[in-house]
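Close look at the chain arrangement
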Amino acid sequence: MPALATTSDGFLLHGDPFRILSGAMHYFRVHPDQWADRLRKARLMGLNTVETYLPWNLHQPEPGTLVLDGLLDLPRFLRLAAAEGLHVLLRPGPFICAEWDGGGLPHWLTTDPDIRLRTSDPRFTEAVDRYLDLLVPPLLPYMAASGGPVIAVQVENEYGAYGDDIAYLKHIEHALRSRGVEELLFTCDQTAGDHLRNGTLPGVLATGTFGSRVEESLRRLREAQPEGPLMCSEFWIGWFDHWGGPHHGRDAEDAAADLDRLLSAGASVNIYMFHGGTNFGYTNGANHHHAYVPTVTSYDYDAPLTESGDPGPKYHAFREVIARHAPVPDEPVPAPSPKLAPTTVRLTHRTPLIPPAGRPVRAKDPLSADDMGRRAGYTLYRTTVPTPGHGLLHFEGGVGDRAQVFLDGAPAGVLERERYEETLPVHVPRADAVLDVLVENMGRVNYGPRIGVPKGLLGPVTFMGRPLQDWDCHALPLDDAPSPTTLTATPSTPEAIDPEAVAPESAPTGTLTSRIPVPEAFASSGPAFHHGTFDVRTPADAFLSLPGWTKGQAWINGFHLGRYWNRGPQRTLYVPAPILRRGVNDLVLLELHGATTSDAHLTDVPDLGPTGP
């Protein structure tokens with residue numbers, strides 16, 4: 001018998017009545033040195049459980065591998081949860097959505113056009129099985145059956161919104177059970193429409209996801225499952241943001257009132273999110289319904305615990321609600337974390353992105369980023385245009401996701417997937433002018449049928465109707481900034497910028513082995529790395545503010561903070577205290593457009609943009 005069992009209307013944990021009071025916190029969105037702090041604050045709010053997804057794409061970047069260290073050290077996270085006295089709900093997917101790159105499905109899998117994702121297609125289920133063969137054994141010691149904190153495991157994720165392949169769901173159930181998972185299994189679906197009917201399994205607990213209309217949602221859940229615990233496995237108390245949109249928020253009193261309705265009905269709950277964290281590096285996802293819209297770097301989610309781990313208005317409001325229904329620790333509410341004193345960082349050195357290191361891949365027509373094996377980052381394409389003059393540059397198939405076009409090193413314009421742009425009017429200054437196209441992957445779709453849509457240039461290119469061929473194609477993952485010791489000592493000075501003429505991406509310096517010469521314009525302007533140093537007496541949380549800069553990536557001491565963009569809403573990037581060090585620290589920016597300043601700023605206040613609906 002599993003440690004957590006169900007009755008006709010509730011849960012038993014080790015035979016005693018139990019209500020799940022859980023909050024979502026994704027270990028892979030929080031610096032590992034801050035896990036213990038966030039878990040302690042979960043307990044102090046009155047939670048007895050935490051919930052987390054598992055990102056297959058990061059745990060298994062290549063077939064046959066398994067990564068369980070750093071941000072992905074799930075065993076350590078589980079040990080810390082147990083030490084805090086918290087239970088754990090695990091949601092291994094294989095699909096997680098989570099506004100996460102590709103919904104957590106591995107790039108090496110989604111690039112196969114013949115695989116039918118999230119179905120009983122043997123090619124998909126065999127890949128899942130091989131992953132679980134590696135993933136489950138190191139997690140078994142942390143299951144409740146072995147005295148660990150994990151009391152329940154999810155089967156798939158909101159599957160009823162995607163399909164109705166019950167054979168597939170049964171395969172996932174069997175895959176977990178046959179590998180030794182004895183704990184309670186559950187499914188999770190929205191309560192509207194046919195989602196619960198399509199996404200549930202006999203003998204597996206059905207749970208619902210919703211953020212309002214509590215009574216109606218619980219009624220639908222009870223209709224779909226006449227007996228058993230009522231549980232909201234994602235109680236949405238905020239929302240995520242897209243570039244160019246508002247910063248979403250939800251009134252704390254409104255969310256607390258709905259939480260009270262849930263608990264008053266006797267339901268269990270998982271608050272989504274308790275602590276949102278950050279999409280560090282290139283991990284944000286995107287939505288693509290009517291248009292492609294990428295998710296911002298912050299995953300603050302207007303959660304009870306802010307992105308920097310401070311109790312916000314919902315923390316206090318939810319703690320008061322929980323106290324009406326369950327014991328809350330008789331300990332003070334945690335204070336906000338210390339913040340770094342405002343600091344200005346002068347970026348003194350600049351290194352052009354182009355030429356990139358390494359040999360290009362040569363092809364008649366441009367290769368997609370996926371053809372070149374790149375999950376994330378940038379791709380650079382170069383050819384020559386034989387005919388001068390004014391005309392239309394046409395990108396058949398469009399771009400994925402944002403292309404910056406240059407002629408002889410001069411910015412010529414920008415194309416965006418978001419706007420379904422495929423054609424750009426340009427002036428080619430001379431015969432055999434060098435055409436460069438830098439394409440930025442802004443995040444892979446994490447929900448719906450467009451998962452796996454390729455990145456980079458997505459088809460042939462023509463000028464005035466004539467094909468442009470013989471391309472040099474470069475994959476520029478740029479996972480790591482170049483070491484400051486390799487950056488050239490060229491002063492970093494303000495550059496005139498055209499917001500609609502974005503320049504290509506930088507890779508570590510090196511010699512371009514190419515049949516096409518690098519335009520000299522790239523040496524003095526265009527995309528580049530910028531480096532500066534700053535002193536820290538006592539490391540503390542901070543927020544990187546970049547007024548006067550346009551778009552790019554930021555690293556501090558080699559830690560990839562993520563993407564910035566003056567389009568907003570997000571105006572600052574969270575800087576976790578553990579990545580700072582006493583003494584001299586390094587800041588590296590990859591700026592794609594140029595800047596009107598040589599300064600960056602570390603502030604003690606976040607700016608995620610104006611709150612909208």
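Coordinates for the structure precede this section.
Residues numbered from 1 in each chain as written. Predicted model: local features only at pLDDT ≥ 70, side-chain atom pairs only at ≥ 80, totals over all residues. Heavy atoms only, no water.

**Considerations on the overall build of the protein chain**
The condition is simple: For the purposes of this entry, the term helix denotes a DSSP run of H or I that reaches at least four residues, the term strand denotes a run of E that reaches at least two, and both are numbered from the N terminus. Both definitions apply: the radius of gyration is a C-alpha atom measure, and the globule rule equals 2.2 Å times residues to the power 0.38. Accessibility here uses a 1.4 Å probe with only protein chains present; expressed as a share of the type maximum, an area under 20% marks a residue as buried, one over 50% as exposed, and anything in between as partly exposed. Residue contacts are counted whenever heavy atoms from the two residues lie within 4.5 Å of one another.
From N to C terminus, the protein chain includes eleven helices and 37 strands. For 613 residues, the compact-globule formula gives about 25 Å, and the C-alpha radius of gyration of the protein chain, at 25 Å, lands near that figure. Taken along its principal axes, the extent of the C-alpha atoms in the protein chain is 80 × 55 × 40 Å. Buried residues in the protein chain amount to 60% of all 613 residues. Contacts spanning at least 24 positions in sequence make up 81% of the contacts within the protein chain whose residues lie at least 6 apart.

**A short note on the environment of His 290**
Summarising the element assignment, His 290 is placed in the loop between strand 13 (285–288) and strand 14 (292–294). By relative accessible area, His 290 is classed as exposed at 75%. His 290 sits 128 residues away from Glu 418 along the chain, and the two C-alpha atoms are 9.2 Å apart.

**Here's the deal with the layout of surface pockets**
For clarity, the cut-off: In this analysis, the protein atoms alone were mapped onto a 1 Å grid. Cavities are point sets where a 1.4 Å probe fits without being able to get out; pockets are open sets with protein on both sides within 12 Å along at least five of seven lines; lining residues have an atom within 4 Å of a point. Grid points are joined across faces, edges and corners, and a volume is the space filled by probe spheres set on the points. Each residue gets one label: Ala, Val, Leu, Ile, Met, Phe, Trp, Tyr, Cys and Pro are nonpolar, Asp, Glu, Lys and Arg are charged, and the others, such as Gly, are polar.
By volume, the largest pocket is sized at about 730 Å³. Every residue lining the largest pocket is counted, 30 residues in all, and those nearest its centre are Leu 58, Tyr 282, Thr 283, Arg 375 and Asp 479. Listed by contribution, the elements that provide at least two residues to the lining of the largest pocket are helix 2 (56–59), helix 4 (107–110) and strand 33 (559–565). Residue composition of the lining of the largest pocket, grouped by class: 14 nonpolar, ten polar and six charged. Approximately 320 Å³ is the volume attributed to the second largest pocket. In this structure, the second largest pocket is lined by 18 residues; those nearest its centre are Cys 97, Glu 99, Glu 158, Trp 239 and Phe 240.

**Quick look at the pairing of strand 10 (residues 231–236)**
This is how it is decided: Strands were regarded as paired on the criterion that DSSP finds at least two bridges between them. Classification remark: right-handed applies to a crossover when, strands pointing away from the viewer, the course from the first strand over the helix to the second runs clockwise.
Within strand 10, six of the six residues are buried, which leaves it mostly tucked inside the rest of the structure. Across three bridges, strand 9 (residues 205–210) lies against strand 10 in parallel orientation. What sits directly across from Phe 210, in strand 10, is Phe 235. Read as a crossover between parallel neighbours, the route from strand 9 over helix 8 (residues 214–224) to strand 10 is right-handed.

**Points about the sheet that holds strand 2 (residues 11–13)**
Rules: Between the N-to-C directions of two axes lies an angle of 0 to 180 degrees, each axis being a line fitted to C-alpha atoms and, for a helix, fitted only over the stretch in contact.
Spatial ordering of the open sheet is given by 1-2-3, a layout of three strands whose pairing is antiparallel. A strand with exactly one partner marks an edge of an open sheet, and here the two such strands are strand 1 (4–6) and strand 3 (16–18). With direction set aside, neighbouring strand axes in the sheet form an average angle of 40°. Here strand 2 pairs with strand 3 via three bridges, running antiparallel. Bridging across to strand 3, Leu 12 finds its partner in Pro 17.

**Quick look at helix 10 (residues 313–323)**
Helical periodicity: at 3.6 residues per turn, an α-helix aligns residues three or four positions apart in one direction. Every buried residue belonging to helix 10 is among Lys 314, Tyr 315, Ala 317, Phe 318, Arg 319, Val 321 and Ile 322, and all of these are buried. Where helix 10 is buried, its residues meet strand 4 (21–25), helix 1 (35–45), helix 9 (252–264) and strand 12 (268–275).

**Focus on the packing of aromatic side chains**
Aromatic ring pairs are described here by two measures, namely the spacing of the ring centres and the angle between the planes. As a reminder, the rule being used: For Phe, Tyr and Trp, where Trp contributes only its six-membered ring, two rings pair if their centres lie within 6.5 Å, and the inter-plane angle classes them as stacked under 30 degrees, edge-to-face over 60, or tilted in between. Throughout this description, the term charge over a ring refers to an Arg CZ or Lys NZ atom that lies within 6 Å of the ring centre and within 35 degrees of the ring normal.
Overall, the coordinates contain 23 aromatic pairs when judged by the stated rule. Taking the centre distance of 6.4 Å and the plane angle of 70° together, the rings of Tyr 53 and Tyr 272 count as edge-to-face. Taken together, the residues span a long stretch of sequence, with Tyr 53 in strand 5 (residues 49–53) and Tyr 272 in strand 12 at a distance of 219 residues. On the basis of relative accessible area, Tyr 53 is assigned to the buried category, the value being 2%. Each residue in the set Tyr 53, Trp 236, Trp 239, Phe 240, Tyr 272, Tyr 299 and Tyr 301 is aromatic and connected to the rest through ring pairs, giving one cluster. Positioned above the aromatic ring of Trp 565, the side-chain terminus of Lys 551 is 4.4 Å from the ring centre.

**Points about the sheet that holds strand 5**
Strands sit in the order 4-5-6-7-8-9-10-12 around a closed barrel of eight strands; the barrel is parallel. Along the sheet, successive strands turn relative to each other by an average axial angle of 30°, direction set aside.

**Examining the environment of Trp 35**
The topology assignment puts Trp 35 in helix 1. In contact with Trp 35, other than residues within four places in its own chain, are Met 25, Tyr 27, Val 30, Gly 70, Leu 71, Asp 73, Arg 76, Phe 77 and Leu 80.

**Description of the pattern of salt bridges**
Keep this limit in mind: Salt bridges are counted wherever a side-chain nitrogen of Lys or Arg sits within 4 Å of a carboxyl oxygen of Asp or Glu.
Within this structure, the stated rule accounts for 36 salt bridges. In this structure, Glu 215 and Arg 261 form a salt bridge, with 4.0 Å as the shortest nitrogen-oxygen distance. Of this pair, Glu 215 sits in helix 8 while Arg 261 sits in helix 9; the two residues are 46 residues apart in sequence, bridging distant segments of the chain. Judged by relative accessible area, which is 54%, Glu 215 ranks as exposed. A relative accessible area of 40% places Arg 261 in the partly exposed class. Of the charged contacts, one joins Glu 418 and Arg 567 as a salt bridge, the two residues approaching to 3.2 Å between their closest N and O atoms.

**A few points about helix 6 (residues 166–178)**
The cut-off we apply is this: To estimate how far a helix should reach, multiply one less than its number of residues by 1.5 Å. When we speak of the arc, we mean the arc of directions from the helix axis to the C-beta atoms.
With 13 residues, helix 6 extends 18 Å between its outermost C-alpha atoms, agreeing within 8% with the 18 Å of an ideal straight helix rising 1.5 Å per residue. By the burial criterion, the buried members of helix 6 are Tyr 168, Leu 169, Ile 172, Ala 175 and Leu 176. The buried residues of helix 6 occupy an angular sector of 120° when projected down its axis, which confines them to one face. Phi turns positive one or two residues past the end of helix 6, at Gly 180, with a value near 105°.

**Details of the packing of helix 9 against helix 10**
We apply this condition: Note that the term roughly parallel is reserved for angles under 35 degrees, roughly antiparallel for angles over 145, roughly perpendicular for angles of 65 to 115, and oblique for everything else. Crossing handedness is read from the near helix: turned anticlockwise from the far helix by less than a right angle, it gives a left-handed crossing, and turned clockwise, a right-handed one.
Their axes nearest at 9 Å, the elements helix 9 and helix 10 cross at an angle of 25°. Put simply, helix 9 runs roughly parallel to helix 10. Crossing angle aside, the handedness with which helix 9 passes helix 10 is right-handed. In contact with Ala 252, Ala 255, Ala 256, Leu 259, Asp 260 and Leu 263 of helix 9, helix 10 contributes Pro 313, Lys 314, Ala 317, Phe 318, Val 321 and Ile 322. Within the contact of helix 9 with helix 10, the residues separate by chemical class into ten nonpolar, no polar and two charged.

**Thoughts on the packing of helix 8 against helix 9**
For the pair helix 8 and helix 9, interaxial distance at closest approach is 10 Å and the crossing angle is 35°. Judged by the sense of rotation from one axis to the other, the crossing of helix 8 with helix 9 is right-handed. Of helix 9, the residues touching helix 8 (which contributes Val 214, Glu 215 and Leu 218) are Asp 258, Arg 261 and Leu 262. Per-class residue counts for the contact of helix 8 with helix 9 are three nonpolar, no polar and three charged.

**A closer look at the pairing of strand 8 (residues 184–190)**
Buried residues dominate strand 8, accounting for six of its seven residues. In the sheet, strand 7 (residues 150–154) pairs with strand 8 via three bridges, with the strands oriented parallel. Of the residues in strand 8, the one forming a bridge with Val 153 is Leu 185. Viewed along the sheet, the connection from strand 7 through helix 6 into strand 8 turns out right-handed.

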